[in-house]
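Residue strings, one per chain:
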Amino acid sequence: MASRRMCSLLSRSLTSPTSAAALFSRGRNIASPSRGISKYSTDVAIENPVDPPVEVKHTQLLINGQFVDAASGKSFPTLDPRTGDVIAHVAEGDAEDINRAVAAARKAFDEGPWPKMTAYERQRILLRFADLIEKHNDELAALETWDNGKPYEQSAKLEVPMLTRLMRYYAGWADKIHGLTVPADGPYHVQTLHEPIGVAGQVIPWNFPLLMFGWKVGPALACGNTIVLKTAEQTPLSAIFAANLLHEAGLPPGVLNVISGFGPAAGAALASHMDVDKFAFTGSTKTGQFVHELASRSNLKPVTSELGGKSPFIVCEDADIDKAVELAHYALFFNQGQCCCAGSRTFVHERVYDEFVEKSKALALKRAVGDPFLEGIEQGPQVSNAQFEKILKYIKSGVESGATLEAGGERLGNKGYYIKPTVFSNVKVFLLVIITSCIFPQRLRYGYNAKDEIFGPVQSIFKYKDLDEVIRRANATHYGLAAGVFTENLDTANTLTRALRAGSVWVNCFNIFDATIPMGGYKMSGHGREKGIYSLENYLQVKAVVTPLKNPAWL
């Protein structure tokens, strides 16, 4: 029931131009702007940010159940994207810290209690953890917003409750993982055992730190594994806090180790570690390629990855335009456009294209942008200056290519990383070549175009004539994470859902992230699935056990 309520919350956010205020009307204790919100938030609201209602309690590495400094003694600043100011200095883990964490995880797996506990005992710890998440909902939400920039109302009323639901879901699986008895052609008893894979290395991204923590940690622990998890350097605070709650719930030392740090040192060391049995990564496709390479060159550990996307959102000619505009707006601008599965290529049938563009422009101009701790704000700042500058370069390239800038296209205010919601029409392929620094040491020079992932509040609206054309264009990308379809015709929906090469296809909805629904990509959007029953396969080995039978009563 909880997951269905969460899905309905997400769905209801599409039904009104003032959806954010309606969605979050049930009231958490956040600041209320005395000046009100109209169109973009005023520069005054950005220049004088709200004091976050939370204290940063944990900034060290978590190794073997203890908070410790990095072996090097180094730390790095994590920044408030509303201002660029330092929130806290966090321990900077490197290869030596990864070695310490992996050793703790290995001992906890080989000798420690976690895989030897009954499944029921593991379940009870995960359920206590879910209760603690619920108890500390507002603290977790405030840390997430402060470190990431997403609206507090989104953190408090959607994402932290979804984490609670995820952990209860995986707690429920802990005592339901079992093998089979298998008939054989001969006098043999054959059974399969589903065993934990061992030490899991995990790297989570900065756009949904808490949810990705749950997507990774939940199935791994339910299956009886131990973990070394690296947080994103932009957003380390909420995962450290959550990991402490998990130990408060009774998790034994060494079962979950959390390292904050940078990719070239900590991330590469974890992916290539010879004593890590399985690796899971969420992030960019380019970094994912390096992760797979490092894993294969070390001990050939299996890798699951959820990578980039450039998801098509297809509006058919029979669409209710007002509803389609709102859904497409939500599909793109949710979380400041910083979603791997954002509907960033909006394909609209030529018969309704002009009307759709005008209404999309009007809706973008109404979007409430400002301090994410203020009530009613729909869009906060981008996560970092690097992301902010990258998005503005994309926008500039779009203008120079001849695309029509319908709305936005520039920063908002003079402080922080705010960008006005941007809408392009008449989009063709536009090129931009930049130097980008990956999470690992290599620096690559490569071209971006309208098929590349912008990862920001930039909606590009394309025109199409018929289904054959839009299917071809929608699939003409090396990504395949998600897609959206908006139509009243069941035959059209069936045609598109089967033709689109994507791991998720949402019909007349978008961004439905129920704990039971698998998430993952086709093509270069990744390997494997997260959430749901399929995620358990990532953390289990299957062993066949064959025993001869003497004088069996039956075969």
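Everything numeric in this text was worked out from a predicted model, so none of it was measured.

Asks: Could you clarify how one ought to interpret the packing of helix H12 (residues 321-333) against helix H13 (residues 353-366) in this entry?
Replies: Axes are the key here: two packed helices are described by the angle between their axes and the distance separating the axes. The contact between H12 and H13 brings their axes to 10 Å, and the two run at 50 degrees. Classed by the angle they form, the pair H12 and H13 counts as oblique. As for how H12 packs across H13, the hand of that crossing is right-handed. In this structure, H12 uses Ile 321, Asp 322, Ala 324, Val 325, Glu 326, Ala 328 and His 329 to contact H13, whose residues at the interface are Glu 355, Phe 356, Lys 359, Ser 360, Leu 363 and Ala 364. A class-by-class count of the residues in the contact of H12 with H13 yields seven nonpolar, two polar and four charged.

Asks: What is the right way to look at the side chain of Ser 525 in this model?
Replies: Take Ser 525: it is sitting in the loop between strand S20 (504-507) and strand S21 (526-527). In this structure Ser 525 comes out as buried when scored by relative accessible area, which is 0%. Excluding its chain neighbours within four sequence positions, the residues that come into contact with Ser 525 are Ser 305, Glu 306, Leu 307, Gly 308, Gly 309, His 478, Tyr 479, Gly 480 and Leu 481.

Asks: Help me understand the environment of Thr 516, please; the structure alone is not making it clear to me.
Replies: Its location among the elements puts Thr 516 in the loop between S20 and S21. The exposure class assigned to Thr 516 is partly exposed, which follows from its relative accessible area of 39%. Separated by 350 residues in the primary sequence, Thr 516 and Leu 166 place their C-alpha atoms 8.6 Å from one another. Separated by 2.7 Å, the side chains of Thr 516 and Asp 514 make a polar contact.

Asks: Whenever I open this one, the pairing of strand S10 (residues 278-282) confuses me. Can you help?
Replies: Residues in a regular strand point their side chains to alternate faces of the sheet. The element S10 is largely enclosed, with a buried count of five among its five residues. Bridge analysis of strand S7 (residues 199-203) against S10 gives four bridges, and the strand direction is parallel. Each residue of the ladder has a partner; that of Val 203, found in S10, is Phe 281. Pairing analysis gives four bridges linking S10 to strand S11 (residues 303-306), with the strands arranged parallel. Residue Phe 281 lies in a different strand from S11, and its bridge partner there is Ser 305. Taken together, S10, helix H11 (residues 285-297) and S11 constitute a β-α-β crossover, and its handedness is right-handed.

Asks: How should the sheet that holds strand S6 (residues 188-196) be read in this particular structure?
Replies: The strand order across the open sheet formed by three strands is S5-S6-S22, and the pairing between neighbours is antiparallel. Looking at the sheet topology across the chains shown, the edges are occupied by strand S5 (181-182) and strand S22 (540-548). Sheet topology places S5 next to S6; two bridges connect them, and they run antiparallel. Bridge assignment links Thr 181 to a residue of S6, and that residue is Gln 191.

Asks: I'm lost on the sheet that holds strand S19 (residues 482-486) in this one. Help?
Replies: In a beta sheet, neighbouring strands pair by backbone hydrogen bonds and run either parallel or antiparallel. The strand order across the open sheet built from seven strands is S14-S15-S18-S13-S12-S19-S20, with neighbouring strands paired in mixed fashion. Only two strands of the sheet have a single neighbouring strand rather than two, namely strand S14 (404-407) and S20. Adjacent strand axes in the sheet meet at a mean angle of 25 degrees, parallel and antiparallel pairs treated alike. As defined by bridge partners, strand S13 (residues 345-349) adjoins strand S18 (residues 458-464) across five bridges and the pair is classed as parallel. Of the residues in S18, the one forming a bridge with Thr 346 is Ile 461.

Asks: Honestly, the packing of aromatic side chains in this entry has me stumped. Any pointers?
Replies: Between two aromatic rings, the relevant description is the distance of the centres plus the angle of the planes. Applying the stated criterion to the full structure yields 13 aromatic pairs. Summarising the aromatic geometry, the rings of Tyr 330 and Phe 334 are spaced 5.4 Å apart at their centres and angled 45 degrees between planes, so their arrangement reads as tilted. Assigned by exposure class, Tyr 330 and Phe 334 land together as buried. An aromatic cluster of three or more residues is present, and its members are Trp 215, Phe 313, Trp 506, Phe 510 and Phe 513. The side chain of Lys 278 reaches across the aromatic face of Tyr 539, ending 5.5 Å from its centre.

Asks: So what exactly am I meant to see when it comes to the pattern of salt bridges here?
Replies: Enumeration over the complete set of coordinates arrives at 20 salt bridges. Between Arg 106 and Asp 110 there is a salt bridge; the shortest N-O distance is 3.3 Å. Of this pair, Arg 106 and Asp 110 both sit in helix H4 (residues 95-110), four residues apart, which is roughly one turn of the helix. For Arg 106, a relative accessible area of 14% translates into the label buried. With a closest N to O distance of 3.1 Å, Glu 293 and Arg 297 form a salt bridge. Pair noted here: Glu 293 and Arg 297 are both in helix H11, with a separation of four residues, about one helical turn. Residue classification places Glu 293 among the partly exposed positions, given a relative accessible area of 31%. Overall, Arg 297 belongs to the exposed group, its relative accessible area being 67%. One salt-bridge network, held together by shared partners, links Arg 106, Asp 110, Asp 275 and Asp 277.

Conventions we followed
- Residues numbered from 1 in each chain as written.
- Predicted model: local features only at pLDDT ≥ 70, side-chain atom pairs only at ≥ 80, totals over all residues.
- Heavy atoms only, no water.
- Axes fitted to C-alpha atoms, helices over the stretch in contact; angles between N-to-C directions.
- Helix = DSSP H or I, 4+ residues; strand = E, 2+ residues; numbered from the N terminus.
- Parallel < 35°, antiparallel > 145°, perpendicular 65-115°, else oblique.
- Left-handed = near helix turned anticlockwise from the far one by under 90°.
- Contact = heavy atoms within 4.5 Å.
- Nonpolar A, V, L, I, M, F, W, Y, C, P; charged D, E, K, R; others polar.
- Buried < 20%, exposed > 50% of the residue type's maximum accessible area, 1.4 Å probe, protein only.
- Polar contact = N/O pair within 3.5 Å; in protein donor to acceptor, adjacent residues only side chain to side chain.
- Pairing = 2+ DSSP bridges.
- Right-handed = clockwise from strand over helix to strand, strands pointing away.
- Phe/Tyr/Trp six-rings, centres within 6.5 Å; stacked < 30°, edge-to-face > 60°.
- Lys NZ or Arg CZ within 6 Å of the ring centre and 35° of its normal.
- Salt bridge = Lys/Arg side-chain N within 4 Å of Asp/Glu carboxyl O.

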